[in-house]
Amino acid sequence: MSRPLTGFCAALLAAGLLVTPAAAAPADPGRAPATRDPGNGPERNEVAAAGPENAVQALTAGAERRWTPPQRGYPRQTRLREYPENPADRSIKLGLVPYHGIAPRLNALQAASDRVSAEVVGQSALGRDLYLVTVTAPESAAETRRQDRWRARIEDDPRAAARDRALRRGYKAPVWINANIHGDEWEGTDGALRVIERLATATDPATAALLRRTRVYITVTNNPDGRIAGQRPNGNGFDVNRDHATSSQPESRAVRDVVIATQPFVMLDEHGYTGTTLLEPATAPHGQNYEYDLYIRHALPNALGMEAAIQRLGHPETTRADIPFRDYAPGDWDDWPPIFTPMYAMYHGAVGHTVEIPLQVNRAAYDTLPVAELQRRARVNTDVADATITAAITYTDTHRAALLADQIEQFRRGWAGEPQRHIPDGYVEGFGPEDRYSTEFPRAYVIPAGTPAAARLVDHLVAHDVRVTAARRPFALNGRRYAAGTYVVDMHQPKRGLANVMLEAGRDISELVPQMYDISGWSHRLLWGADVHISRRALPRVPLTPVAVAAPTGAVDAPRRADLALRLRDGADVRAVNHLAAAGVPLRRSGERTVVVPRAHRRAAADAAGRFGVRFTAAPRGATTPFTAPVLAAAVSADELFVLRELGFDVRPVSTAVLNAGFDWTGVTTLMVSSGLSYAGLNPAAKAALDAFLARGGVVTRGATGATFNTAAALLPATAVRGRADANGVVRTSRGPSFVYSPIWFTGTGFTVVERYGADPLIAGHWREDTPGAGGPAQAANQASVVSGVTTRGGRAVLYGTEPLFRAHPKGLFADVAASIYAVTPATVAVTP
Ligand SMILES: [Zn+2]
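The shown structure was predicted, so the numbers you read here are calculated from the model rather than taken from an experiment. Here the residue numbers are simple positions, counted from 1 along each chain's written sequence. Only residues with pLDDT of at least 70 are given local features in this predicted model, and only at 80 or more are side-chain atom pairs given and counted; all residues enter the totals for whole chains, interfaces and linings. Working from all heavy atoms in the structure, the side-chain values ignore hydrogens and water.

### Remarks on unusual backbone geometry
For step 1, the next point in the chain: A cis amide bond links Gly-272 with the next residue in sequence, Tyr-273, at an omega value of 0°.
For step 2, the next point in the chain: Helix and strand assignments come from DSSP, with helices taken as H or I runs of at least 4 residues and strands as E runs of at least 2, each series counted from the N terminus. Residue position: Tyr-273 is located in the loop between strand 5 (266–272) and strand 6 (277–279).
For step 3, the next point in the chain: Residue Pro-285 is bonded to the preceding Ala-284 through a cis peptide linkage, with omega at 0°.
For step 4, the next point in the chain: By secondary structure assignment, the location of Pro-285 is in strand 7 (residues 283–286).
For step 5, the next point in the chain: The phi torsion at Asn-782 lies on the positive side, around 65°, for a residue other than glycine.
For step 6, the next point in the chain: Note that Asn-782 resides in the loop between helix 26 (777–780) and strand 33 (784–790).
For step 7, the next point in the chain: On the basis of relative accessibility, which here comes to 44%, the residue Asn-782 falls in the partly exposed class. Three labels apply to residues, based on accessible area from a 1.4 Å probe with only protein chains included: buried if under 20% of the type maximum, exposed if over 50%, partly exposed otherwise in between.

### Here we look at the side chain of Arg-115
For step 1, the next point in the chain: Take Arg-115: it is sitting in the loop between helix 3 (99–112) and strand 1 (116–123).
For step 2, the next point in the chain: The sign given to each residue is positive for Lys and Arg and negative for Asp and Glu; His and the chain ends receive no count. By definition here, a salt bridge exists when the distance from a side-chain nitrogen of Lys or Arg to a carboxyl oxygen of Asp or Glu is within 4 Å. Among buried charged residues, Arg-115 stands out as having no salt bridge; its nearest opposite-charge side chain is Asp-114, 5.1 Å away.
For step 3, the next point in the chain: Here a polar contact is taken to be a pair of N or O atoms separated by no more than 3.5 Å, where protein atoms must pair a possible hydrogen donor with a possible acceptor and residues adjacent in sequence count only if both atoms sit in side chains. Here the side chain of Arg-115 touches Leu-199 through a polar contact of 2.7 Å, landing on its backbone oxygen.
For step 4, the next point in the chain: Here Arg-115 is in contact with Thr-134, Val-135, Thr-136, Leu-199, Ala-200, Thr-201, Ala-202, Thr-207, Ala-208 and Leu-211, once residues within four sequence places are set aside. We call two residues contacting when some pair of their heavy atoms lies within 4.5 Å.

### Thoughts on the sheet that holds strand 12 (residues 469–471)
For step 1, the next point in the chain: When DSSP locates at least two bridges between a pair of strands, those strands are taken to pair. Spatial strand order, 16-11-15-12-17: five strands in an open sheet with antiparallel pairing. Single-partner strands in this sheet number two, and they are strand 16 (533–535) and strand 17 (544–546). The mean angle between the axes of side-by-side strands here comes to 30°, regardless of whether they run parallel or antiparallel.
For step 2, the next point in the chain: Bridge count between strand 12 and strand 17: three bridges; the pairing is antiparallel. Residue pairing for strand 17: Ala-471 is matched across the bridge by Leu-544.
For step 3, the next point in the chain: Fitted lines through C-alpha atoms serve as axes, helices being fitted only where they are in contact, and the angles separating the N-to-C directions of these axes extend from 0 to 180 degrees. Taken strand by strand, helix 17 (residues 452–463) contacts strand 11 (444–447) and strand 15 (487–490), and its axis lies near 140° from that of strand 11.

Take a look at the structure:
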């Protein structure tokens, strides 16, 4: 979760001048370096995404391919495909292993050692192999099956596991190292390769004994696209270390599958570069769904052991570490959202740590420092990665009995439905009231079936190892009646924390900490479009069947002679509409939210119903207008571009530079602006071409860049008021729950209000005032969050002050955006002269 260092600090670091704060008294809340990065990275609104065209991920239910380990003993060696040498790989300048160098190294190691097994657990956004290396003493197939049975017993029957002496004696302690999830934080990979080589080739009895007791799992690079390009995100422009709760990206799905299959006691996510090595545990607010007592009693000593290990390296830059739990103020480096690898892994039973290696070699440093200095820094960083991995393996081996007992205990509490434990002050050194976060788990969540949103949510939960059941008969609960097939999430289950962190609303933590590191609100229940009901006390009294995959939801529910209607409620409906339009079906519109398919095209509709899980009904009588398939020019951020393409829109990425180079507007119906397009920055020719488009085409904007564009291009007479820049979370609106980051609201007249913030907008997240009486939720209350109208140029426009596509998470809002796009798209495409 490396925070990009801002301004002054970054400049000093780049120049090598930043002296890390000397070791001060513990728990001095003012001691944390000012490394916070408010907002969501300037790139979100300033750099328009340009691609790529590939890697569209299915929104529909049941479509996910999951990695599961093969049923074989160890070694289970795979000859990895080797990639051609790529001299442009940005690792090379640092003296580090380029991506194309990894497979040959691993192939050679597998040939040399029966302790090393390499497997491919997925492909990156751009199609590169993701490797999982396992280092352990050889096992027969029977021994591996026994370990698998024991792993399952720990999760499925923790009471039996606790009593199982053979398990306690023979279960190999799993440790998992994830490296290089941020592509330009390289050396986790190199340190991990060194550990693999050392463990593989050591001839001493202690190493042999260690590997008889331990399985070391290493995902060698979680982001090959970023490693090669020297960039933080993956090939789709996503920060993978923000995606673990959403799983929109193949890299985070691979990690999900690995952590479920391996169930590690301890895991490290190797990052950089914070000046001083940083070792979690984190500051408050701590995720309220953890069994935090079981975590912190290992996380703190393991961090102290890693700190001692880097001190032993003897580098002047590694004399101490920052341990946020010990050294930072609350909110400076928190473990609140489940979007980071270690926080996500904690819900699967792991003691998770982010590790930040110290010395900057990326960004400005990469381009400005002498190569010799870069390589020196990279060597120190590699030493730190190696030392932290080695120390974590040692901690795991030394404390294997306690770690096993505590993982068993975490799952046991889940099955038993026991309350979380009260953790007293001083439970570990420095634990105080500010660290105490807890929740009350409901007895069950109930999800009515039959919609693509419900099916998607259920498949998502199941893919994350949350147990979901379906009612075999109709039932009543808390005064409501439910049909057979209704999904029930019984919260007496081993990974109840993960179930709850996805299904709860979250919490308004604005008053609890002064600031947050990244997002503080999310909710699959409120933002993914499915109805999810909470049953606080009662489990339905009805037979329940485990669900492996959600039931199909598609249907054509109309007489043969009727035209068919599809109501735009979900992204799946949008995909179906765009698919039918692309197939040449002459669609029509009936109001803002309904698309009509002529009865002659019933077969195509039935096909789309099956494919996307959507439901067609008989079309209402009344006037319809022709549907025009939008062709978008989009100056948007990478996550927005990804979602628009996922929804099946024809999108042409643009930016100020693209328009200034002479963009061909022919055929474009609709412009979307949220990032990297400045009207004032256009040259006269580009401005004239855009003005010609604005006289006929539609516009949808989002956020500050969109609002600035609206004003500069004189579209709608709405004044955008900016809320606090780092405010984010789930908000109440007149259309239901929505999501904001850097919220905006609109004042003025001469437009239609599509949506307003609620009277008390924030449901969950962190949103404070900027200054007294400004920028806060009280100022946003009842103000317009989305507005629309006919522009002074003659086209139509919709302006969003919310974040409906943010990181591809709020899937229940995607149809709103699509409806806006359809609504502003002119009915007939004007031919550009
Ligand atoms: Zn990082």
